[in-house]
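Descriptive structure summary
Read off the chains here:
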Amino acid sequence: MDQIPRVSEVLYVGVCRKIGTPTEVTFRRDLWDTGEMIRKPSQLYKGERKMLSGSRREGFRFKSSDFDFMQWYPDHKVICEMSQSTFYHPPRHTLIYMETSDTPPGFARLQLLTPSNQEIVMSSLLERNNTEYISCSLLRMRLHQAMKGFNPAIEGENLHGPCHNCTYLSIEADFALCFHSHHWPLPALPWVDRCLTRAWPSRSVLQSIIDEGFHLVPIANRQTDDNLDLEWRISFSQAEQKLVYSMNHCQFLCYGIMKIILKEVISDELLCSYFMKTILFWRIQESSSTPWLPSTLLQHVWFCFKSLMQCVYTGYLPNFFIPENNMFEGKVVGAQQIFLYQKIETFYEIGIAFLLHSPTLRAILIPAVSDPYFVMPTGESYLKSEIYIDIAFDDESDRTKSIVIVSDFLSNMMHLNVIDQLFSTCQNAVYHDMLIYVLVSTSMSLKAQCLFPSKKKRYSTDRSIIHMLGLFLKLGCVSDGLYFALYLYDTGRYQTALTVTDRVNQRLSQSHVMYHDTVDRQRYSEVVGGESMLTKFRKALARDIMFFQGFTYIEELRLEQEVSKMNGIPVPLLSPFVTVHMLSVLCHYRLGNRSQYIQALTDLHTLLLYDDGRYVELDNRDLPWQILGICQHVVGDLHGALQSYQESLRQRPYHKIEIATETRLNFVQSQLRLNSTRIVT
């Protein structure tokens, strides 16, 4: 038994490396939370709210972690008692009354009290006993029909539970249209008393959960066939997110280990990760006598596993918020229940060593089990190096950029206003990163807004755009100045664009600059090691240039953007090293500097031929080869352009620009035939 704490600490460290350190988990959450905070005013203005829920929002990044989105209309108000209707003002608000008097625990019927301004809601009504109810099945089907085929890049669209399920760019996502209530549901009032008695969560977390309210999602109880169209499940997704956020890291890792056990050891379709989360919630609330430390992690995992076995044996897993709601009802029953219990019992008889049946956990535990003197430090600096954390932050930032990118100017100004308020209280790297994205979006939406104004208005708009993009040279990362250079080129200021491009190129050539995970790690540590994330961001980070749809950056790439958008790709990405060479070719050509643009063309061609993926990703080269062809075409090298376009077609169609490539290819071939005819004549 003396070895248990040591093995437990080894498990803690190993799973930390697999799932994430406290710092990693924190910035994953902060990036998504901040993005949604920034977008909230513009979403309210448009009459809709959307939030990411589930394991990705909680901070996990397993390969199987999909994106779960909940969407609702903020002007639709769900009330739990008729007296609550006095808080709202029809017709500005649509009132929905939640009936729970004769529904299964955890479910409700939704009675529409006042007309909705949403066609999808009005077309989902069913009448029962002269009362209009919102049908969960009809609304679910209406959402599925509205979303199906909307984006040609989306695959495998189907209904999955209450959600529209699909796969986009190899990422699985679920979308659920639901309703939100700012009140706390009557069936969950005993939960509040239980939390106060057992002191988890803390009073502040508990109050924030109650203030946020709950959702109703369109799925009925399995056991009530007569009301499949009318019952809605009471969802506590926001509350669960706050509970997970309030966990210490040992508790969070226990949750992650239970997910790994479910996937790699038990591997049974009857169980889902939500059951693991529920078991952990109960364990945390009931385990006040056992501290949650690295040395006790194994003990807590074993207890959760035994709790799971007990629940399967009895066929009863109480919902954490409404215990009367047995989440195993109608699911873990009959022969399948017996088979599942026997499987879990087999692992139970092995003891805690059953963890070795998981490939992930076995790789972590074998060194400690085989060597009684093996000791692993638990400090975060040992868990992952500083540079690894920085790379992970940059990668996560790229994933969240789309949260704050919109094409309309008014929404962008709302986003800037929120960021300004955030900066007044705390200037951290997350807010700074979001500011850069919003500045790009705002400047480009301002440019699109003023295509045909007066000369005076164009001048004023140009000054504003120059000011915003000029901030990139001061606030942005090493490569962000290229957005400024692209605008300068597009507005005919070729020499100034070239000056900015050269300045960015000089910074990109420094060995301490990180692009994805490519960097001289020793030089990086020497130059920015120990500095704040903001300093690292400005001095040592380079990122892809993102061509957000809805904005035209330069005319030479308009066709590629339009075709990519038509095929469902929202943000074409371009390596900053390719962007530098492209701008060098185009600027020197417009300025008549022949030797310079020929050299820049040669440099770009050499980069694409010999780079091993460090500066141009190997699976993302259709657009770079296309750009080389465009540059060759612009300067008059038709044969070179022909070869480059053909090479673009041979690449993985990451940006789905084949139609644009074939269009340009046909044009070059017709020009070559015309030139050949002229020579013969």
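See the structure above.
So, here is what we can say about the structure in this document.

Reading the values: rules and limits
Residues numbered from 1 in each chain as written. Predicted model: local features only at pLDDT ≥ 70, side-chain atom pairs only at ≥ 80, totals over all residues. Heavy atoms only, no water. Helix = DSSP H or I, 4+ residues; strand = E, 2+ residues; numbered from the N terminus. Contact = heavy atoms within 4.5 Å. Areas by Shrake-Rupley, 256 points an atom, 1.4 Å probe, with all protein chains shown as cover. Lys, Arg positive; Asp, Glu negative; His and termini not counted. Charge placed at Lys NZ, Arg CZ, Asp CG, Glu CD. Core = buried A, V, L, I, M, F, W, Y, C linked by side-chain atoms within 4.5 Å. Buried < 20%, exposed > 50% of the residue type's maximum accessible area, 1.4 Å probe, protein only. Disulfide = S-S within 2.5 Å. Axes fitted to C-alpha atoms, helices over the stretch in contact; angles between N-to-C directions. Parallel < 35°, antiparallel > 145°, perpendicular 65-115°, else oblique. Left-handed = near helix turned anticlockwise from the far one by under 90°. Nonpolar A, V, L, I, M, F, W, Y, C, P; charged D, E, K, R; others polar. Pairing = 2+ DSSP bridges. Salt bridge = Lys/Arg side-chain N within 4 Å of Asp/Glu carboxyl O. Expected span 1.5 Å × (residues − 1). Polar contact = N/O pair within 3.5 Å; in protein donor to acceptor, adjacent residues only side chain to side chain. Phe/Tyr/Trp six-rings, centres within 6.5 Å; stacked < 30°, edge-to-face > 60°. Lys NZ or Arg CZ within 6 Å of the ring centre and 35° of its normal.

Turning to the overall build of the protein, a few remarks are in order. Across its full length, the protein holds 28 helices and 17 strands. Once the C-alpha set of the protein is aligned to its principal axes, its extents read approximately 90 × 75 × 55 Å. Residue pairs in contact within the protein that sit at least 24 positions apart in sequence constitute 67% of those at least 6 positions apart. Split by element, the accessible area of the protein, about 30200 Å² in all, is 52% carbon and sulfur. Averaging the positions of the 66 positive and the 71 negative side-chain charges in the protein gives two centres separated by 5 Å.

What follows deals with the nonpolar core. Among the nonpolar cores identified, the biggest contains 101 residues, and Tyr553, Met582 and Ile627 are the most heavily contacted of them. Looking at this core element by element, the count peaks at 12 residues for helix H17 (residues 429-449).

Here we come to the state of the cysteines. Here a disulfide denotes one covalent bond, and it connects the sulfur atoms of two cysteines. The final tally for this structure, using the stated rule, is 0 disulfides. Sulfur of Cys631: no disulfide; nearest cysteine sulfur belongs to Cys587 and is 10 Å away.

Two elements in contact, helix H24 (residues 576-591) and helix H25 (residues 594-610), have axes separated by 8 Å at closest approach and are oriented at 160 degrees. It follows from the interaxial angle that H24 and H25 lie roughly antiparallel. Crossing hand, H24 versus H25: left-handed. Contacts between H24 and H25 involve Phe577, Val578, His581, Ser584, Val585, His588 and Tyr589 on the former and, on the latter, Gln596, Tyr597, Ala600, Leu601, Asp603, Leu604, Leu607 and Leu608. Looking at the contact of H24 with H25 residue by residue, the classes come out as 10 nonpolar, 4 polar and 1 charged.

The interhelical angle for the contact between helix H9 (residues 249-266) and helix H10 (residues 273-286), taken along N-to-C directions, is 145 degrees, at an axis separation of 9 Å. The handedness of the crossing between H9 and H10 comes out as right-handed. Along its contact with H9, which presents Gln251, Cys254, Tyr255, Met258, Lys259 and Leu262, the element H10 presents Ser273, Met276, Lys277, Leu280 and Ile284. Considered class by class, the residues forming the contact of H9 with H10 number 7 nonpolar, 2 polar and 2 charged.

The next subject is the sheet that holds strand E10 (residues 171-177). Here 5 strands make up an open sheet; going across it, the order is E1-E2-E10-E9-E8 and the pairing mixed. Of all strands in the sheet, those with a lone pairing partner are strand E1 (49-53) and strand E8 (154-160), marking the two edges. The mean inter-strand angle of the sheet, taken between neighbouring strand axes irrespective of direction, is 25 degrees. Where strand E2 (residues 67-72) and E10 come together, 5 bridges link them in parallel fashion. Counterpart to Phe69 in the pairing with E10 is Phe175. Most of the contacts of helix H5 (residues 136-147) go to E8, to which it runs at about 175 degrees, and overall it touches E8, strand E9 (163-168) and E10.

This model, assessed by the stated rule, comprises 26 salt bridges. Across the pair Arg109 and Glu99 runs a salt bridge whose closest N-O atoms are separated by 3.5 Å. Pair noted here: Arg109 is in strand E5 (residues 107-112) and Glu99 is in strand E4 (residues 94-99), with a separation of 10 residues, a long-range link. Taken individually, Arg109 and Glu99 each receive the classification buried, so the pair is uniform in this respect.

Here the focus is the pairing of E9. Summarising the sheet, E8 and E9 pair through 5 bridges and their orientation is antiparallel. Within the sheet, the bridge partner assigned to Asn158 lies in E9 and is Asn165.

Along the chain, Tyr274 falls in helix H10. On a C-alpha basis, the gap between Tyr274 and Met327 in space is 9.8 Å, while along the polypeptide they are 53 residues apart. Excluding anything up to four places from it in sequence, Tyr274 contacts Glu240, Asn319 and Met327.

Attention now goes to helix H26 (residues 622-635). Look at H26: 20 Å from first C-alpha to last across 14 residues, which is about the 20 Å you get at 1.5 Å a residue. Burial of H26 is extensive: 13 of the 14 residues sit out of reach of the surface. Of the residues flanking the end of H26, it is Gly636, one or two places downstream, whose phi is positive at about 100 degrees.

Turning our eyes to something else, we now look at the side chain of Asn151. Locating Asn151 in the fold gives a position in the loop between H5 and E8. Within polar-contact distance, the side chain of Asn151 engages the backbone oxygen of Gly568 at 3.5 Å. Apart from residues no more than four positions distant in its own chain, Asn151 is found in contact with Tyr168, Asn567 and Gly568.

Turning our eyes to something else, we now look at the packing of aromatic side chains. The relative placement of two aromatic rings is captured by the distance of their centres and the angle of their planes. Following the criterion strictly, the structure yields 31 aromatic pairs and no others. On the numbers, 5.5 Å between centres and 15 degrees between planes, the contact of Phe60 with Phe62 is stacked. There is no split in this pair, since Phe60 and Phe62 are both buried. With a centroid separation of 4.3 Å and 15 degrees between ring planes, the pair formed by Phe236 and Phe321 is classed as stacked. In this pair, Phe236 sits in the loop between strand E13 (231-235) and helix H8 (237-246) while Phe321 sits in the loop between helix H11 (297-314) and helix H12 (334-350), placing the two residues 85 residues apart along the sequence. Across the pair, exposure class does not vary: Phe236 and Phe321 are buried alike. By the ring-pair criterion, three or more aromatic residues cluster together here, those being Trp184, Trp191, Trp200, Phe236, Phe281, Trp282, Phe320 and Phe321. Lys259 extends its terminal NZ or CZ atom over the ring of Phe60, reaching a point 5.2 Å from the ring centre.

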